Number of protein chains: 2
Amino acid sequence: MIGIFDSGLGGLTVVKEVRRLLPSVDIIYLGDTARVPYGTRSPQTIRKFAEEDTKFLLHQQVDLIIVACNTVSSLALDVVRKYSSIPVFGVIDSAYKKAFKVTKSGRVGLVGTRATINSSAYKDVKLRRHASLLVPLIEEGFIKGPEIELFIKKYFLDFKRNVDTLILGCTHYPLIKDKISEFLGSTVVLVDPAEEIAHEIKKYLKNTGGTSVEEYYLTDVNKQFLQTAKMFLGKDISDKVNKTNL
Amino acid sequence: MIGIFDSGLGGLTVVKEVRRLLPSVDIIYLGDTARVPYGTRSPQTIRKFAEEDTKFLLHQQVDLIIVACNTVSSLALDVVRKYSSIPVFGVIDSAYKKAFKVTKSGRVGLVGTRATINSSAYKDVKLRRHASLLVPLIEEGFIKGPEIELFIKKYFLDFKRNVDTLILGCTHYPLIKDKISEFLGSTVVLVDPAEEIAHEIKKYLKNTGGTSVEEYYLTDVNKQFLQTAKMFLGKDISDKVNKTNL
């Protein structure tokens, strides 16, 4: 049983990729929708939340944890490992490795939340910028049109000029990957952590069998969250969602 | 001692108005920055958070509570009152009264968070719309320029066509009041809950003396939050901020 957690629903992009590559594995997902977003908060608070999320998944007796939240991966992977005696995979790490494999110039960029960008992780990255408004824009459904284009231009111009490879360090960005790519042009390669982590897990797992179970636990549930989940995952999970207080 | 609480830092616009009208009163402010925003969450979760916020302020022995959060005022004022034996004032209520006093056509509008708009409060309002992206835009400092203008046009066009009075039902909106007013034109009167509640408190209090104490408690503290606080309050409060876990 694979445990996957995220600050909210963005981590469902990771579930989607894992499911695509591993159709039979069993998955438990935890989204901390009562306290999302993490990316604007302090490292101390993010680490406290990460500890609580980890303990919840361990209590569900998962065999492996994927930290689907880029912010937690950047700032609190050691916390997750401290409480776990099972394997722990952080979502950015595999993207980071991949980026330095594909870059020609060595100029790799990282775009993410403010907390991710301010963290001391991923030191070899040449250019790091937050793109804070992309998360609420995407959650409000602005995945195409003049609004998202205005902000892509704002946030990605520096990358366009300075890197040849860019890590999309936030779970939400795959939803506007086409738009980002359109703006950056073909000279910048985009690395999507959701895809990379799915490949890494597939390589790691000896037993990829299972009964395709999917259980979703959210710390807050409302209609809007269920709609957002559908947008990220590409399917309705209303009947598989449980509310938990951690 | 007046206790004021909000989901985050937006409630500082209420502190600012209260301080302007009552220069001597003592104020304790609680901002739940570890769990902001409330306006996207379910009523159940908002009510739970409101209970915890209230208990914290009561423990500080305040004499009166102002619920500076429009979302809590709309969805959980009864929760705050249930736990308090002291007077409780909700920030939208006085704005609501004022709006129906000034409207000529009876066509009053309410703009706020998704949770506020979906609540069953303020039934006589003719048009209610959320403007979800204004909060992150303002917090990211987009209080002027093409970005905020694009979204004001998007969110306020219906109001421009349909109401003569509009309640700014979110603490953040006063920061872009000029821009909203510019778009709506002189035929729509804006009612700012922060101003109205300050007037109401001034009228209510028999003893407006004090030693101008200000204490700020936040559930999460980082540099960005302190900058945002300065933007809302118009002054630096770094040396008056305490962290609390509630």
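This structure is a prediction, so every number in the text was calculated from the model and none was measured.

Right, let's talk about the domain arrangement of chain A for a bit. Residues and elements named next belong to chain A. Taken domain by domain, chain A comprises domain 1 (2-90 + 196-243) and domain 2 (92-193). Summarising the inter-unit geometry, the C-alpha centres of domain 1 and domain 2 are found 21 Å apart. With 22 residues of domain 1 at the interface, the matching set in domain 2 holds 24 residues. Roughly 1,800 Å² of surface becomes buried between domain 1 and domain 2 when both sides are summed, with 53% attributable to carbon and sulfur atoms. Inspection of the region where domain 1 meets domain 2 yields two salt bridges.

For the rest of this paragraph, the subject is the sheet that holds strand 1 (residues 2-6) of chain B. All names here are of chain B. The six strands are arranged 4-3-1-2-9-10 in an open sheet whose pairing can be described as parallel. Both outer strands of the open sheet, strand 4 (88-90) and strand 10 (241-243), are each paired with one neighbouring strand and no more. Neighbour-to-neighbour, the strand axes of the sheet open up by a mean angle of 20 degrees, direction not taken into account. Where strand 9 (residues 214-218) lies against strand 10, three bridges are found, and the strand directions are parallel. The residue of strand 10 that forms the bridge with leucine 218 is lysine 243. Contacting strand 1, strand 2 (27-31), strand 3 (64-67) and strand 9, helix 1 (residues 12-21) runs over the sheet at an angle of about 170 degrees to strand 2. The strands touched by helix 2 (residues 43-59) are strand 1, strand 2, strand 3 and strand 9; relative to strand 1, the strand with the most contacts, the crossing angle is about 155 degrees.

Here we take up the sheet that holds strand 6 (residues 127-130) of chain B. Residues and elements named next belong to chain B. With parallel pairing, the four strands of this open sheet are ordered in space as 6-5-7-8. Every other strand in the sheet has two partners, leaving strand 6 and strand 8 (189-191) as the edge strands with one partner each. Each strand axis lies, on average, 20 degrees off the axis of its neighbour in the sheet, ignoring direction. Packed onto the sheet, helix 5 (residues 91-102) meets strand 5 (108-112), strand 7 (165-169) and strand 8 and runs at close to 170 degrees relative to strand 7.

In this section: the relation of the copies chain B and chain A. Of the transformation superimposing chain B on chain A, the axial component is 0.0 Å and the angular component is 180 degrees, with the fit at an RMSD of 0.0 Å. When the rotation and shift are considered jointly, the pair of chain copies conforms to a two-fold rotation axis. The C-alpha atom lying nearest the rotation axis in chain B is that of B:Arg35; the distance is 2.4 Å. Both copies share a contact surface, since 100% of the interface residues of chain B are interface residues in chain A too.

Looking now at the packing of helix 5 (residues 91-102) of chain A against helix 10 (residues 193-204) of chain A. Residues and elements named next belong to chain A. Running from amino to carboxyl end, helix 5 crosses helix 10 at an angle of 95 degrees, the nearest separation of the two axes being 8 Å. In this view, helix 5 runs roughly perpendicular relative to helix 10, as classed from their interaxial angle. Counted together, Val91, Ser94, Ala95, Lys97 and Lys98 of helix 5 and Pro193, Ala194, Glu196, Ile197 and Glu200 of helix 10 form the full contact between these two elements. For the contact of helix 5 with helix 10, the residue count by class is five nonpolar, one polar and four charged.

All names here are of chain A. Overall, the coordinates contain zero disulfides over all chains when judged by the stated rule. Free cysteine cysteine 170: the closest other cysteine sulfur is in cysteine 69, separated by 7.9 Å. Cysteine 170 sits in the buried class, given a relative accessible area of 6%.

Low pLDDT marks regions whose predicted coordinates should not be analysed in detail. For chain A, mean pLDDT is 96; residues scoring 70 or higher make up 100% of the total. Listed scores for the predicted complex are pTM 0.96 and ipTM 0.95.

All right, on to the interface of chain B and chain A then. Often the size quoted for an interface is simply the accessible area lost on bringing the parts together. Between chain B and chain A, the contact holds 30 residues from the first and 30 residues from the second. When chain B packs against chain A, close to 2,300 Å² is buried across both sides, 57% of that on carbon and sulfur atoms. Per-residue buried area on chain B facing chain A is highest for B:Arg41, B:Leu133 and B:Glu140; these three make up 20% of the total on that side. Inspection of the region where chain B meets chain A yields four salt bridges. Of the charged contacts, one joins A:Glu147 and B:Lys154 as a salt bridge, the two residues approaching to 3.0 Å between their closest N and O atoms. Our count for the contact surface shared by chain B and chain A stands at 20 residue pairs in polar contact (both at pLDDT 80 or more). If one sorts the elements of the side of chain B that touches chain A by residue count, helix 8 (residues 146-162) of chain B sits on top with five residues.

This part takes up the nonpolar core. Among the nonpolar cores identified, the biggest contains 135 residues, and A:Val18, A:Leu134, A:Phe156, B:Val18, B:Leu134, B:Phe156 and B:Leu166 are the most heavily contacted of them. Apart from the residues within four sequence positions on either side, B:Leu134 is in contact with B:Ile148, B:Phe151, B:Tyr155, B:Phe156, B:Tyr173 and B:Ile176.

This part is about the packing of aromatic side chains. For the coordinates displayed, the defined rule picks out 18 aromatic pairs over all chains. Taken together, a centroid distance of 5.1 Å and an interplanar angle of 70 degrees make the contact between B:Phe89 and B:Tyr204 edge-to-face. Of this pair, B:Phe89 sits in strand 4 while B:Tyr204 is found in helix 10 (residues 193-204), placing the two residues 115 residues apart along the sequence. For B:Tyr204, a relative accessible area of 39% puts it in the partly exposed group. Geometrically, the ring pair formed by B:Phe156 and B:Phe159 is tilted, given 5.9 Å between the ring centres and 50 degrees between the ring planes. You can see B:Phe156 and its partner B:Phe159 sitting in helix 8, three residues apart, about one turn around the helix. Residue classification places B:Phe156 among the buried residues on the basis of a relative accessible area of 0%. With relative accessibility at 0%, the residue B:Phe159 sits in the buried group. Each residue in the set A:Tyr96, A:Phe100 and A:Tyr122 is aromatic and connected to the rest through ring pairs, giving one cluster. Over the ring of A:Phe183 we find A:Lys160, and its NZ or CZ is 4.7 Å from the ring centre.

Conventions adopted
- Residues numbered from 1 in each chain as written.
- Chains lettered and ligands numbered in written order.
- Predicted model: local features only at pLDDT ≥ 70, side-chain atom pairs only at ≥ 80, totals over all residues.
- Heavy atoms only, no water.
- Domains from an automatic or database assignment.
- Contact = heavy atoms within 4.5 Å.
- Buried area = accessible area lost by both parts, 1.4 Å probe.
- Salt bridge = Lys/Arg side-chain N within 4 Å of Asp/Glu carboxyl O.
- Pairing = 2+ DSSP bridges.
- Helix = DSSP H or I, 4+ residues; strand = E, 2+ residues; numbered from the N terminus.
- Axes fitted to C-alpha atoms, helices over the stretch in contact; angles between N-to-C directions.
- Least-squares fit on C-alpha atoms with pLDDT ≥ 70 in both.
- Parallel < 35°, antiparallel > 145°, perpendicular 65-115°, else oblique.
- Nonpolar A, V, L, I, M, F, W, Y, C, P; charged D, E, K, R; others polar.
- Disulfide = S-S within 2.5 Å.
- Buried < 20%, exposed > 50% of the residue type's maximum accessible area, 1.4 Å probe, protein only.
- pLDDT = per-residue confidence, 0-100.
- Polar contact = N/O pair within 3.5 Å; in protein donor to acceptor, adjacent residues only side chain to side chain.
- Core = buried A, V, L, I, M, F, W, Y, C linked by side-chain atoms within 4.5 Å.
- Phe/Tyr/Trp six-rings, centres within 6.5 Å; stacked < 30°, edge-to-face > 60°.
- Lys NZ or Arg CZ within 6 Å of the ring centre and 35° of its normal.

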